[in-house]
Amino acid sequence: MARKNARTEVSRRKFLAGVAMTGAATAVSVTGKGKAAVAVEAAQSPATRPSTADAQAELATHSVQAAPGTLRGRPGSDFMVDVLKSLEIDFVFSNPASSCRGIHESIVTYGGNTRPEFITCMHAESAVAMTHGYYKVAGKPAAALCHGTVGLQHAAMAVYNAWCDRAASIVMVGNRMDAATRQPGVPTIHAVQDPGSLIRDFTKWDDNPQSLQHFAESMVRAYKVTMTPPLEPVLMVLEEKLQEDAIESGGRPLVIPKLNSVAPPAGDPNAVREAARLLAKADNPVIVVDRVGRTPAGVKHLVELAEALNAPVIDQLGRMNMPNNHYLYQLGGGRLIEQADVILGLELTDFWGTVNNSDDSVEMAQVYRPKAGSRLISIGMGDLYIRANYQDFERYQQVDLAIGADAETTLPMLTEYIKQAIPADHRAKIAERGEKARKGQAQARQSMLAQAAANAWDASPVSSARLSAEVWQQIKNENWALVSRDSSLSNWPHRLWTFTQHHQFIGGPGGAGIGYGLPAAVGAAFAHRQADQRLCVNIQNDGDSMYAPGALWTAAHHKVPMLTIMWNNRAYHQEIMHLQRMANWRQRGIENPHIGTTIWDPYINYAKLAEALGHVGIGPITDPKDLAVAIKRGVDAVKMGEPVLIDVVTQPR
Amino acid sequence: MRKTFVFLAGSTLSVAVFAASSAFASQTAAPAGDAAKGKASFERTGCWQCHGGLGQGGREGPRIASPVPMAWPVLSTFVRTTRGNMPPYTEKVLSNQELADVYAYLRSIPPAPDFRTIPLLNGMMTTASTQR
């Protein structure tokens, strides 16, 4: 307290001197990656850009007099950029805004606009969705920079999607608390006492730092928090005064803490052993997975678990969980749930929905699917982290054994315990299950191809199976990745394509908020470009794309190649079906569900729209016979570095 | 904001329909129907929304053509009385004749080709090899 009182007595001149002394100290106090970055940079080039630590050191030995109307010393936002660099944040996705002007200028000038690079977005919601898609490929967070109040309001839905999808994202928002130093009018309208309150229900942590040191510590903490399972978005408020005023640290050196990651929790060994015992002696164990593939290691561990039991794995497609050409892989699962005697749910969002059928009918009939005596086991982080209000925790499902743990981390232990627990007289049975599954896989493949042929193969508009098969034919020999979900195509890509690598699929939006698809695909494509120049395919719902088509411009502007195929069923098709259901329940006319749900009159020409936004536009294509040529042309252009959109007019699903 | 339909609803429905079909398939012949009018009714009353323009099925509705997987008595009874995910179509919104026309339309849709005759699909038998 005494120290604080002393600071208030410091005059402006003495204050600057204090900064100078601080600078000298900071130059040797910056630790961890921040210091490493500065050191590397100095070694590589004699004309390197100075860091804030260098600037402060300079101030220590020279009397700096700023020209009238200019800032004396380095702005605080330069130090903020140092912190971002220390965390190796590659991209800041943002729609430019006055409340972020300080850090914006620091990123593009002081920071050299590299690591982080400022990515121009055309909607705050898109900016956050891009971080969402980026994380799921890169495995680390990017930052979204939003304007105070209105920008964060725009971004809120995308934050909720990331929350529901257990995705890392660092959302930053500009704000100026001090009314006495705020501009009147719009800047004050856009200021808020508690920025985090807007999205606190669906962020894991937020902070509003009031000093640069506070900022450094909180930003490193934010990174750590967002990357600790369950991964969730976090919010950092960037106080405008801190951004824009000269660096001031109250006579103490500014220190960027070293980032360390948190080892995620594995399940309690006794509980895991009990789960292993139940699974090892089961006659028909079934594994259901949603987001087990948090990293590539999750895929490997899941395969090992499944093979230890020769148990089928029902994939709910929250992530790339398991190679879909594995003999134990199941999409949908048929009646496996009904036949199982032990059901193991791994990182399920909705265990209740997994084991219950619930009709969307007047009666709302609900049926518990497992047979009597079937045992349910859950492993996941859902029981360890739950919040009120928003209902993404789904209905409560009673289980026989709930293990609160990160499933990916727990799987090796579980697999080992299972191997130990399998009774000797049960091994032949397990081997037999495997043989049966292998034989069933070939039959299922044949049946599925027959279904594809029967899926309106030659129809116009184009069928989902035909489109999926035509795309696969053009990409199967490339280093490809699907950067969209495929549920609107009745999962035909997952039925026809061969997914083997973790990066080849990123799951869905999590919160089912529309407007996610296009920007998330662009964010994922940023990561793929960075990783290995992979050929990104985005099968894009038409209605979703029109929430923020400006994401196409972002891809074009930043030279991110991606093949977008517009799944153009010319409707918010799910809503048509909902309206049809209402009309049928009420039986007073069933011919109006197209009103308010279709995108007709005029039809949108997505190829022209894409061209206007810097893409190669192809289509509209209505005849499936034209698909092969169009897709090949698109793939060739993407391989040349172009973003491409092919407009395909399609069947509803 | 948007509720996702239950993926399994379609398969559950199919099972129910097939079960009923085996019991009643040969009881009554279908009334005369006009396939062209049936196509119009199929589109006007929204059948295509879940079952696809050619009755090929999709995530929310099972395949109901190529071939039609149920006999007339089963289809007509089901359409009138369903209480599950598929909403009912009473005579008030779809007359018996219109329903007969829809049935005629579904039966007029050509059978699906054998996937082995489609090079793109035939080549996929070997694409997804069994892991390990």
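All values derive from a computational prediction rather than experimental measurement.

Enquirer: Describe the overall build of chain A, with residues and values.
Expert: The number of helices and strands found in chain A is 25 helices and 19 strands. Relative to the 2.2 N^0.38 estimate, which gives 26 Å for 653 residues, the radius of gyration of chain A is 27 Å and therefore close to what a compact globule would have. Sequence separation of 24 or more characterises 80% of the internal contacts of chain A that already satisfy a separation of 6 or more.

Enquirer: Provide a residue-level description of the interface of chain A and chain B, including the pertinent values.
Expert: Tallying the contact residues gives 53 residues for chain A and 47 residues for chain B. Of all the secondary structure elements, the ones that give two or more residues to the side of chain A that touches chain B are β11 (356-358), α17 (427-453), α18 (464-475) and α23 (573-586) of chain A. It is α17(A) that provides the largest number of residues to the side of chain A that touches chain B, a total of eight residues. Partitioning the side of chain A that touches chain B into residue classes produces 21 nonpolar, 23 polar and nine charged.

Enquirer: Quick one: what's the story with unusual backbone geometry, residue by residue and with numbers?
Expert: Across the chain, the bulk of peptide bonds are trans and the bulk of non-glycine residues have phi less than zero. Between A:Arg115 and A:Pro116 the backbone carries a cis peptide bond, its omega angle lying at 15°. Turning to its location among the elements, A:Pro116 is positioned in the loop between α6 (101-110) and β2 (117-120). Omega for the bond connecting B:Ser66 with B:Pro67 falls within 30 degrees of zero, at -5°, which places this linkage in the cis form. Mapped onto the fold, B:Pro67 is located in the loop between α3 (47-51) and α4 (72-81). Look at A:Arg570: it is not a glycine, yet its phi comes out positive at around 55°. For A:Arg570, the position within the fold is in the loop between β17 (563-568) and α23. The exposure class of A:Arg570 is partly exposed, given the 18 C-beta atoms found within 10 Å. Within the chain, A:Asp601 stands out as a residue other than glycine whose phi angle is a positive 50°.

Enquirer: How would you sum up the packing of helix α7 (residues 124-138) of chain A against helix α8 (residues 150-164) of chain A? Please name residues and give values.
Expert: Helices that pack against each other are described as a pair by the angle of their axes relative to one another and the distance between those axes. All names here are of chain A. Put simply, α7 and α8 touch, their axes get as near as 7 Å, and they point 30° apart. When the axis of α7 is compared with that of α8, the two are roughly parallel. Note on packing geometry: the crossing formed by α7 with α8 is right-handed. The segment α7 lies against α8, with Ala124, Glu125, Ala127, Val128, Ala129 and His132 engaging Gly151, His154, Ala155, Met157, Ala158, Val159, Asn161 and Ala162. For the contact of α7 with α8, the class distribution of residues is nine nonpolar, four polar and one charged.

Enquirer: Provide a residue-level description of the sheet that holds strand β18 (residues 616-621) of chain A, including the pertinent values.
Expert: Residue and element names in this part refer to chain A. Reading across from one edge, β15-β16-β17-β19-β18 is the order of the five strands in this open sheet, with parallel pairing throughout. One side of each edge strand has no neighbouring strand; the edge strands of this open sheet are β15 (480-482) and β18. Strand-to-strand, the axes of this sheet are offset by a mean angle of 15°, without reference to chain direction. As judged from the five bridges shared by strand β16 (residues 535-541) and β17, these two strands associate in the parallel manner. Opposite Val537, over in β17, you have Leu563 as the bridge partner. Against the sheet, α18 touches β15, β16, β17 and β19 (644-649), its axis set at about 165° to β16.

Enquirer: Got a sec to walk through the environment of A:Ala520? Specific residues and values, please.
Expert: Residue and element names in this part refer to chain A. You can see Ala520 is positioned in helix α20 (residues 517-532). On a C-alpha basis, the gap between Ala520 and His132 in space is 6.1 Å, while along the polypeptide they are 388 residues apart. Ignoring any residue separated from it by four or fewer positions in sequence, one finds Ala520 in contact with Ala129, Met130, His132, Gly133 and Pro509.

Enquirer: Tell me about the sheet that holds strand β10 (residues 342-346) of chain A, and name the residues and values.
Expert: Residue and element names in this part refer to chain A. Spatially, six strands are ordered β9-β8-β7-β10-β13-β14 in an open sheet, and the strand pairing comes out parallel. Two strands in the sheet have a free side with no partner beyond their single neighbour: β9 (329-331) and β14 (401-404). Each strand of the sheet is rotated relative to its neighbour by a mean of 20°, with strand direction disregarded. Here strand β7 (residues 285-289) runs beside β10; their pairing, made up of five bridges, is parallel.

Enquirer: Quick rundown of the domain arrangement of chain A? Include the residues and the values.
Expert: By convention, interface size is frequently given as the accessible area that disappears when the constituent parts associate. Segmentation of chain A into domains returns domain 1 (2-244), domain 2 (269-444) and domain 3 (455-649). Considering only residue class, the side of domain 1 of chain A that touches domain 2 of chain A consists of four nonpolar, one polar and two charged.

Enquirer: Provide a residue-level description of helix α12 (residues 269-280) of chain A, including the pertinent values.
Expert: Residue and element names in this part refer to chain A. Here α12 contains twelve residues, and its C-alpha end-to-end distance of 16 Å stays within 8% of the 16 Å for a straight helix at 1.5 Å per residue. The set of residues buried in α12 consists of Val272, Ala275, Ala276, Leu279 and Ala280. One side of α12 holds all its buried residues, which, seen down the axis, span an arc of 125°.

Enquirer: Got a sec to walk through the packing of helix α13 (residues 296-309) of chain A against helix α16 (residues 407-421) of chain A? Specific residues and values, please.
Expert: All names here are of chain A. In the contact formed by α13 and α16, the axes pass within 9 Å of each other and the chain directions differ by 20°. Taken together, the axes of α13 and α16 lie roughly parallel to each other. Like other packed secondary-structure pairs, α13 and α16 cross with a definite hand, here left-handed. Contacts between α13 and α16 involve Ala297, Gly298, His301, Leu302, Glu304, Leu305, Ala308 and Leu309 from the former and Glu408, Leu411, Pro412, Leu414, Thr415, Ile418 and Lys419 from the latter. When grouped by side-chain class, the residues that make up the contact of α13 with α16 number nine nonpolar, three polar and three charged.

Enquirer: Quick rundown of the confidence of the model for chain B? Include the residues and the values.
Expert: On average, residues of chain B score 79 in pLDDT, and 74% of them reach the 70 mark or higher. Of the two predicted TM-score estimates for the complex, the pTM is 0.89 and the ipTM is 0.81.

Enquirer: I'd like to hear about the pairing of strand β13 (residues 375-380) of chain A, residue by residue, with values.
Expert: Residues and elements named next belong to chain A. Burial of β13 is extensive: five of the six residues sit out of reach of the surface. Strand direction decides the pairing type here: β10 and β13, joined by five bridges, are parallel. Bridged to Leu346 within β13 is Ile379. Pairing geometry for β13 and β14, over four bridges, is parallel. By the bridge assignment for β14, Gly380 is matched with Gly404.

Enquirer: Outline the nonpolar core, listing residues and values.
Expert: Core analysis: the biggest nonpolar cluster contains 205 residues, and A:Ala155, A:Val159 and A:Val171 have the highest contact counts within it. Broken down by element, the residue count for this core peaks at ten residues, all from α8(A). For A:Ala155, the residues in contact, after removing those within four places along its chain, are A:Ala124, A:Glu125, A:Ala127, A:Val128, A:Ala144, A:Cys146 and A:Val171. Counting residues in each nonpolar core, the second largest holds six residues, with A:Ala571, A:Tyr572, A:Met577 and B:Cys50 among its members.

Enquirer: Can you tell me about the pairing of β19(A), naming the residues and giving the values?
Expert: Residues and elements named next belong to chain A. When you tally the buried positions in β19, you get six out of six residues, the bulk of the element. Where β17 and β19 come together, six bridges link them in parallel fashion. Paired with Trp567 across the bridge in β19 is Val648. Alignment of β18 against β19, held across four bridges, turns out to be parallel. Bridging across to β19, Ile618 finds its partner in Ile646. Once you follow β18 into helix α25 (residues 627-639) and on to β19, the crossover reads as right-handed.

Thresholds, definitions, all that
Residues numbered from 1 in each chain as written. Chains lettered and ligands numbered in written order. Predicted model: local features only at pLDDT ≥ 70, side-chain atom pairs only at ≥ 80, totals over all residues. Helix = DSSP H or I, 4+ residues; strand = E, 2+ residues; numbered from the N terminus. Rg over C-alpha atoms; globule rule 2.2 N^0.38 Å. Contact = placed C-beta atoms within 7 Å. Nonpolar A, V, L, I, M, F, W, Y, C, P; charged D, E, K, R; others polar. Buried ≥ 20, exposed ≤ 12 C-beta atoms within 10 Å, placed from the backbone. Axes fitted to C-alpha atoms, helices over the stretch in contact; angles between N-to-C directions. Parallel < 35°, antiparallel > 145°, perpendicular 65-115°, else oblique. Left-handed = near helix turned anticlockwise from the far one by under 90°. Pairing = 2+ DSSP bridges. Domains from an automatic or database assignment. Expected span 1.5 Å × (residues − 1). Arc of directions from axis to C-beta. pLDDT = per-residue confidence, 0-100. Core = buried A, V, L, I, M, F, W, Y, C linked by C-beta atoms within 7 Å. Right-handed = clockwise from strand over helix to strand, strands pointing away.

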